[in-house]
Structures are given as C-alpha cells and as structure tokens.
Amino acid sequence: MKRTALITGATSGIGEATARLFAKHNINLILCGRRIEKLTALKNELVNITSVKTLSFDVGDRDSVNKNLNTLNEAWQKIDILVNNAGGAHGLDLFVEGDVNDWERMIDFNVKGLLYVSKVIIPWMIKRKKGQIINISSIAGKQTYAKGMVYCASKSGVEAISKGMRLELVPHGIRVSNIAPGAVETEFSIVRFKGDQKKAKSVYSNYDPLVAQDIADSVLYCVNVPSHVQIADMTIFPAAQSDATTIHRK
Ligand code: 8X3
C-alpha cells in the first residue's frame, strides 16, 4: 500500500532531500513551504515518479496552517508520515545583544509552527490508528551553547515535544522519532547569518560536514523499520564533530 508523507520546509535542505528520497521510494508527497515557486519546481520534477501536492504557507501563522491543511480532501488526509522539518536559526548573538525579532521567529517556527501543523494532522492519524511522526530537532536541543540560547531553547522544546508526543500517541499506534543533526551544510547558516555567505561557509570549512541527503537517509530509515520498531531518537554528527561546539578541522 502506497504511503503518503507531509513534509514541512520542503523547499530546501533536509526537507527537499527527504522529498526527493521519499519520491524514489514510491511515497506520495504533500510538500509544504513558504516559497511557492520552489514548491512548484520540486512538484514538477517529482510528479513523474509519485503523486505530489503542494501547500504554500508559513508554519508560524496559525490561521494559514489551519486553512491550508484543511483544504486537503479525505484521500490526502490519510497521512502516514509527518516530517516536521520547518524551522531554523536566526542570529548567533549574546543574549544581551540579541534581536527580539530573531527570538520570536525561532520560537514561532521551530516550536509553535511544529505544534500548529501537528495539531491538525495528529487527529487524522488517531482516526486511522497509525502514523509516524519525524521531528527534526538538533544537537542544539540537547546541548546549549553560548550565543545560541534561544535557538537551543527552541530545539529543546522540540525534544520535549517529541517525548510528549510519544507518551501520548503510542497508545494510538503512532510512532514518534526525533532526529538531532549536528553540522549539516544547507541554507541553515546562510539564514542564521542573514545572508552573509562568507560567515556561513566558514562554519563548514576544513572538514566534511553532513549534507542534507545524510539526514534524509536517516528519516527514510526511521519510516522503513518494521511496524513493531520505533526509532525514538537519533543524533547524527559529521565524523569530525564530537559535540555541539567541538569540530576537528584539518
Ligand atoms: C544545527 C546544528 O550545532 O548549528 O541545528 O546548532 S548547530
């Protein structure tokens, strides 16, 4: 039976790589993101291999989340896999120098956005007594580092939500996996450093960082384990990384 996955933040990085990989594995896709042109381009590419629907909204906008997800007809509401991937970091500053707008953005996307999307989809999974939720957290959710306090807090929130979801959803036949990547070279640092390409590049210099495909592979692993298996938590580093702030550079 062909499965259906909804992926947030599908227009780039881990979300996009997961979409491509799921398509190759014959999984129907609901691709969500803010950038409609990117969503359409990805849909046009993947529609040759699987069924694809796109929904363009901002996960941090509760009304827009509700409105868009509720346009899904009964067939598309049969979501087997929810990948809560949307989110990111904004700024890397000491707390006293931090921009409150950055903090709000991180809490709105990383925490509230994940909750808004899940609030709509989980009841559909409960009705079918099955489903898998993959929350993309971060090593920042397990280890707080200086200048990243609010990002770390938002990802600690994701960790708590993953544990809470598992406690409440296991009785409904729903499995919850939390994936915490370390350094993955995507648009992540470009966004964090507000477009400063040089600064972003330096995060990944002189070692081999993870690429989005590495995390997509882990997501696929979580959703392809036998039905009696639940991957609760995965932390994934590049070989050169040993904790959130320790990277062995050549
Ligand atoms: C991304 C990893 O270490 O930059 O979430 O916080 S880190």
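Computed from a predicted structure; not experimentally measured.

S.K.: Quick question: what am I supposed to make of the sheet that holds strand β9 (residues 233–236) here?
M.R.: In any sheet, the strands associate via hydrogen bonds between backbone groups, in a parallel or an antiparallel arrangement. Taken in spatial order, the 7 strands of this open sheet run β3-β2-β1-β4-β5-β6-β9, and their pairing is parallel. For this open sheet the edge positions go to β3 (52–56) and β9, each flanked by a neighbour on one side alone. Across the sheet, the mean angle separating the axes of adjacent strands is 15° when strand polarity is ignored. As defined by bridge partners, strand β6 (residues 174–181) adjoins β9 across 4 bridges and the pair is classed as parallel.

S.K.: Is there a simple way to think about helix α8 (residues 212–224) in this case?
M.R.: An α-helical segment advances 3.6 residues per turn. Residues three or four places apart therefore align on the same side. Between its first and last C-alpha, α8 extends 18 Å over 13 residues, near the 18 Å set by a 1.5 Å rise per residue. Among the residues of α8, A212, I215, A216, S218, V219, L220, C222 and V223 are the ones counted as buried.

S.K.: Just checking my understanding: could you explain the nonpolar core for this structure?
M.R.: Across soluble globular proteins, you tend to see nonpolar side chains buried next to one another. Grouped together as the largest cluster of nonpolar side chains are 34 residues, with contacts concentrated most on F22, L29, I134 and I179. The set of elements that each furnish at least two residues to this core consists of β1 (4–7), α1 (13–24), β2 (28–33), α2 (36–46), β4 (81–84), β5 (131–136), α8 and β9. Broken down by element, the residue count for this core peaks at 7 residues, all from α8. The next biggest cluster of nonpolar side chains, apart from the first, holds 30 residues, and it includes L69, L114, V117 and V158.

S.K.: Mind showing me how you'd approach empty space enclosed by the protein here?
M.R.: Empty space among the atoms becomes apparent when a probe as large as a water molecule is rolled across them. Enumeration over the complete set of coordinates arrives at 1 cavity of 30 Å³ or more. Put simply, the largest cavity is a space of about 40 Å³. In terms of lining residues, the largest cavity is bounded by T8, V59, N84, N85, A86, F109, G113, L114 and V117. Examining the composition of the lining of the largest cavity, we find that 4 residues originate from one element, helix α4 (residues 100–128), more than from any other. For the lining of the largest cavity, the residue count by class is 5 nonpolar, 4 polar and no charged.

The rules behind each value
Position numbers for residues count from 1 along each chain, tracking the sequence in the order it is written. A pLDDT threshold of at least 70 governs which residues receive local features in this predicted model, and a stricter bar of 80 or more applies before side-chain atom pairs are shown or counted, although totals over entire chains, interfaces and linings include all residues. Values reported for side chains reflect all heavy atoms of the structure, with hydrogen atoms and water molecules removed beforehand. Any two strands are treated as partners once DSSP identifies two or more bridges connecting them. In this text, helices come from DSSP runs of H or I with a minimum length of four residues, and strands from runs of E with a minimum of two, each type numbered from the N-terminal end. Here an axis means a line fitted to C-alpha atoms, over the contact stretch when the element is a helix, while the angle between two N-to-C directions is reported on a 0 to 180 degree scale. Each residue after the first adds 1.5 Å to the expected span of a helix. Relative accessible area decides the class of each residue, using a 1.4 Å probe on protein chains only: under 20% of the type maximum gives buried, over 50% gives exposed, and in between gives partly exposed. We call a set of buried residues a nonpolar core when its members are Ala, Val, Leu, Ile, Met, Phe, Trp, Tyr or Cys and they connect through side-chain atoms within 4.5 Å of each other. Definitions used throughout: a 1 Å grid over protein atoms alone; a cavity as a set of points that fits a 1.4 Å probe which cannot get out; a pocket as an open set with protein on both sides within 12 Å along at least five of seven lines; a lining residue as one with an atom within 4 Å of a point. Grid points are joined across faces, edges and corners, and a volume is the space filled by probe spheres set on the points. Under this grouping Gly is polar, as are all residues other than the nonpolar Ala, Val, Leu, Ile, Met, Phe, Trp, Tyr, Cys and Pro and the charged Asp, Glu, Lys and Arg.

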